[in-house]
Structures are given as structure tokens and as C-alpha cells.
Amino acid sequence: MSARDDETAVLAATEIDMCAAEWLQRRYFWKWNEADQVALDAWLAESSAHEVAYVRLEAAWNATHKLAALQRPKQDRETPKRRRLAMAGIASGVVGAIVLIAAGLVLYLSSPAQQTYATALGQHKTVMLADGSRIELNTNSALRVAVNASGRSVWLDHGEAYFEIAHDARRPFSVVAGDRRVTDLGTEFVIRRDADRMSVALVEGRARVDATDGANSSPLFLKPGDVVEENHRALITSRKTASELKDDLGWRQGVLVFKHTSVAEAAAEFNRYNSSKIVVADASAARISIGGTFKSDNVAAFAEAVRDLLGLHVENRGDETVISR
Amino acid sequence: MADTPDDNREGALWRSTGVADPASALREWFVREVLPLESALVQYLQHSCRDANEIADLRQDVYVRVYEAARKQIPRPARPFVFTVARNLLINRVRRERIVTIESVVDLDALDVAIDTPGPDRSAIAREELRRLQIAIDHLPPRCREAVVLGRIEGLSGQEIAQRMGISEAAVSKHLATGMFALANILYGERAEKKS
């Protein structure tokens, strides 16, 4: 340091800051006892510079709590599990993964061998099939499964489901959602369907999408990242990145992931999971976009973020959370 | 989220706990009223000084003086007080050490107008804070960021972080301390764009 004659600063500010950071991390991350506290108190009492530095670093660290709430939880923890799944998949020929969202579909006539699985609002259920395939049902969903010697079929009656299919070339696995059938061609893929639209997205490998009635005779073959959306019987194709697809599957970990999502869409997502509904009272508020990861049942955290970060007005009215300007 | 930068809420929280500890009241005030001024304060100091270490020292001197004055009586509002302290400090340094030029002190007087203007609204501050945090985390060195994310977002202890990252506990300590130091600088002070 240059020759300075300030009364207050003996050590350079950055040195004091580093000492304060050292204390702070010790206190937050390691065993901390009475003697440690006494030592810290003594250091803080030594000079106002110490105390100011400590208070400042602690405040910044506490502020990251808010960011933590908005980050994807357990991101790194999830990776090894997924890797294990993938390894198991290669080993046993499990190669298909399908996600379907369907709502308000007309029920197909049930054949005798069918089994029905359903979830209530906010529920998440995993079903293991005898052939080694695995199905995860999202909130408020119902599907029927028929497995026999010649084929394996699933009808998604409403809601959303994620499939990990044990591939078997002699027994194709198909999922019917409304008037579209998605057939696993020994790959991983994702399908999604809402009230009046359905979308299919391929995670890995290949899949085929065609019409159940044969009307649209040319089937679509999907590559990883391909998304096919059906809207009033028109098919639109687009692409999604692996991380976008992963975000869409946040519900498997009980979270909703938003990135530049409008408040209206985010509210609609929460409403799929909870009996207490979010109402966005005016259009200008609905259009503002928000990002973050929220537990799907934590409407309060979302309301808080909307209020604190977007500056919107939030009001609780019994079963409703009303968001306005 | 008790640490939202919402003055009224924090004030209410503070009162409702009924704690009358002046030391914590002083800290609360400092975090709530003074730290958010840091970025403006650093900019102000940059008018007379270009050296980053020098600015950090000046900033700390201002804080110490403000903090010690507030120990006797908390100045309200904080903003003009903080900048007056900064200005006086700079002028003293000019006189004693000739570190800054006389012209820059003239500049300081011109800047006084800006000192009294109200800050941006609360939600804008909150958004800005979040943006800065995101940038701050992004700017940490990779291993340091990993330790901070494991500790802060996954809530692991120091020991668990060491196991997960396969590094010594001393290395974890160092990463965490560096992360905390960098986060505070970006969150409160220096412009994230100038970082790295």
C-alpha cells in the first residue's frame, strides 16, 4: 500500500474483507462452538473496519438465499441418478422415454386386459410394468395400459406421463393420445398434450408420430430435440435443447422450471397442481415474464417472487391468489 | 424471504421481534440503508481515484466513519450523509496526500446534485439485485462456483462439499471464502461488467 495516514485503516480493505470471509465461511459451513463465537466476537470488537466488513459480507451471502430459491434445486444431485438410469437402460434394452400430456380426451372403449392408473391433483405416481417399462404420472392424470404377446399399448386419457420403455422390437410400444399415436422405435422421446393441443418431443433416438385413424397417412419421424405440436389438427414442428426438455420434465422432481415464462403461463402451470388457484387479474400483469424454479405445491413462494421481483400486487382471497398491477 | 430489500417489511419485522439491541439495530440499518448505496459510492470514488485497491480502501474508510457516527446516532436519511462523509474524506486526502487533483474535487461538487436524487423503486432494486447475483455467481471461478452452489443452493456442509468435490476441507474453505468475497463485491459494489 502507498503511504497513508488514515486513522482507521491499518490493513488494506481487501485483506480485512478476506479475513471476514474466512470467519463467515467457518461459521456457516463448519462445526461452530462457543469458543469460536468468542473468538469471532473478539475479532469483530477489534475495530469497526472488521465489523463493517463482516456485516457487509454476511448481508451479501444472505441475499444469495433469494437466488437459491430461484435456482434449480438439487441440480447436481440429479445427474448421477440419471446417469445410472441411462446405464441400466443400455444394459437391459430400456431405451424409450415418452412424456405425454393429454387433457379432456374422449375415453377409448376399454378392452378386458386393460389396467387403469390415475393420479389426483398434485399427485405424482410411478408405475412399473411387467416388461420392465416404467411410467410416471404427473398431476391429475389417467391412463390405461394393455400389454400382450403382440404389442404394448397405452392410452393417455388425460394429464401427463413420462415413459421409460423397455424396447422390444417384436412388441412395439405405442402411446395413444387423442387422435395421435406415438410409437417408440427403440429410442427416447417426449410427448406433450394440453386441452386442445398435443405435442411430442424426442429426447433421444427415434420415434414415429401418426394419426390413429390413418387420415394423415404420412407419419412423422422425429430426431432428438424435435418437437411436434398439434393445434386444431395442424402439425407444427420445432426444436428444443436438451436443457429445455429437462426443464419441462421438472415435475418429475416436484418442481416447475420457468425461463422467460409469462406470469399467465406460470400461473396456469401452478393451477395444474394445486386446488388453490392463482388468478392473474389484468392482461398487462399476465404478459410480464418470470424465471425460476419453484416447488409445484409452493404457490406462496411464487406469489412472493412475483411481488418482490416483478413489483406486482398480490392478494390472498381464500382459495385464490390474485395477481394484479 | 426475510432479507428482501423491502424497507417497510423489514422495519415491521424488526419491530415485531421487539429486540432492543442497539448493535443489531445498527447492523440492520447498515445493511438496509448503506450497502445498497455502494455501487453509487464506488462510482463516486472513481471520479478521483482509478486504482481498485485504493477505491476498496476508500470505500471501507467511508463505511467505518459512517458506522462509527451511526453508533452514536443513526443519520436519517442515510444517502446524503454517506456521500458527505465520502466527499470530506476525499477532500482531506487531497490536502494531506495530494492523491487526487483539485479538479476532481470540483467534479465532486458537481456530483452533489445526483446524491440527493431518490434511488430507483423497490422492485427495480430487487430485480437489479437478482440480476447482479446471477452475474456474480456466473463470474466465480468454476471450482469456487461449484462450492458456493453446493453450499448455498444444495445446502451441503463444508465436509459434504469436500467429499462431493473430492478436494480437501482447506480447499473448500478457500473456495467458499473467495466466493463470499466476490459475491459481496459484485452485489454491492463494482459493476459486474467490469468484473473478470
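Residues numbered from 1 in each chain as written. Chains lettered and ligands numbered in written order. Predicted model: local features only at pLDDT ≥ 70, side-chain atom pairs only at ≥ 80, totals over all residues.

## Digging into the overall build of chain B
- Of regular secondary structure, chain B possesses 10 helices and zero strands.
- Counting across all 196 residues of chain B, residues that qualify as buried make up 38%.
- Taking as baseline every contact in chain B between residues at least 6 positions apart, the subset at least 24 positions apart corresponds to 61%. (Helix = DSSP H or I, 4+ residues; strand = E, 2+ residues; numbered from the N terminus. Buried ≥ 20, exposed ≤ 12 C-beta atoms within 10 Å, placed from the backbone. Contact = placed C-beta atoms within 7 Å.)

## Thoughts on the confidence of the model for chain A
Residues and elements named next belong to chain A.
- Predicted confidence across chain A gives a mean pLDDT of 76, with 77% of residues reaching 70 or more.
- Here helix α4 (residues 75-92) stands out as the least confident element of chain A, with mean pLDDT 36; strand β16 (residues 277-280) is the most confident, with 94.
- Throughout residues 1-9 the model reports pLDDT below 50, and contacts reaching past four residues in sequence, or to other chains, amount to 10 contacts. (pLDDT = per-residue confidence, 0-100.)

## Side note on the packing of helix α3 (residues 38-46) of chain B against helix α4 (residues 52-72) of chain B
All names here are of chain B.
- At a minimum axis separation of 10 Å, α3 and α4 run at an interaxial angle of 125°. Regarding the angle of α3 to α4, the classification is oblique. Classified by chirality, the crossing of α4 by α3 is right-handed. Side by side, α3 and α4 meet where L41, V42, L45 and Q46 of the first sit next to I55, L58, R59 and V62 of the second.
- Classifying every residue of the contact of α3 with α4 by side-chain character gives six nonpolar, one polar and one charged. (Axes fitted to C-alpha atoms, helices over the stretch in contact; angles between N-to-C directions. Parallel < 35°, antiparallel > 145°, perpendicular 65-115°, else oblique. Left-handed = near helix turned anticlockwise from the far one by under 90°. Nonpolar A, V, L, I, M, F, W, Y, C, P; charged D, E, K, R; others polar.)

## Considering the nonpolar core
- Grouped together as the largest cluster of nonpolar side chains are 64 residues, with contacts concentrated most on L57 and A60 of chain A together with V82, M180, L183 and L187 of chain B.
- Here the element with the most residues in this core is helix α10 (residues 169-188) of chain B; it accounts for 11 residues.
- Once you skip the residues sitting within four places of it in the chain, M180 of chain B turns out to touch A21, L24, Q25, L57 and W61 of chain A. (Core = buried A, V, L, I, M, F, W, Y, C linked by C-beta atoms within 7 Å.)

## Quick word on the sheet that holds strand β19 (residues 320-324) of chain A
Residues and elements named next belong to chain A.
- Pairing within the open sheet is mixed, and its three strands lie in the order β16-β19-β18. Edge positions in the sheet fall to β16 and β18 (313-317), since each has one partner strand and no second. On average, each strand axis in the sheet is tilted by 20° relative to the strand beside it, whichever way the strands run.
- Where helix α6 (residues 263-273) meets the sheet, its contacts fall on β16 and β19, and the angle it forms with β16 comes to roughly 160°. (Pairing = 2+ DSSP bridges.)

## Looking at the pairing of strand β8 (residues 180-184) of chain A
All names here are of chain A.
- Across the five residues of β8, four count as buried, placing the element largely inside the fold.
- From the end of strand β7 (residues 173-177) to the start of β8, which pair antiparallel, there are two residues, and G178 there has a positive phi angle of about 65°.
- As defined by bridge partners, β8 adjoins strand β11 (residues 207-211) across five bridges and the pair is classed as antiparallel. By the bridge assignment for β11, R181 is matched with D210.

## Some points on unusual backbone geometry
- Between R76 of chain B and the following residue, P77 of chain B, the backbone shows a cis peptide bond with an omega angle of -5°.
- Here P77 of chain B is to be found in the loop between α4 and α5 (78-97).
- Although it is not a glycine, N140 of chain A adopts a positive phi angle of roughly 50°.
- Examined against the element boundaries, N140 of chain A turns out to sit in the loop between β4 (134-137) and β5 (142-147).

## Section: the packing of helix α1 (residues 13-29) of chain A against α10 of chain B
- Across the interface, α1 of chain A lies against α10 of chain B with an axial gap of 8 Å and an inter-helix angle of 120°. In terms of axis orientation, α1 of chain A runs oblique to α10 of chain B. Where α1 of chain A crosses over α10 of chain B, the two elements pack in a sense that is right-handed. Counted together, D17, M18, A21, E22, L24, Q25 and F29 of chain A of α1 of chain A and S173, L176, A177, M180 and F181 of chain B of α10 of chain B form the full contact between these two elements.
- Considering only residue class, the contact of α1 of chain A with α10 of chain B consists of eight nonpolar, two polar and two charged.

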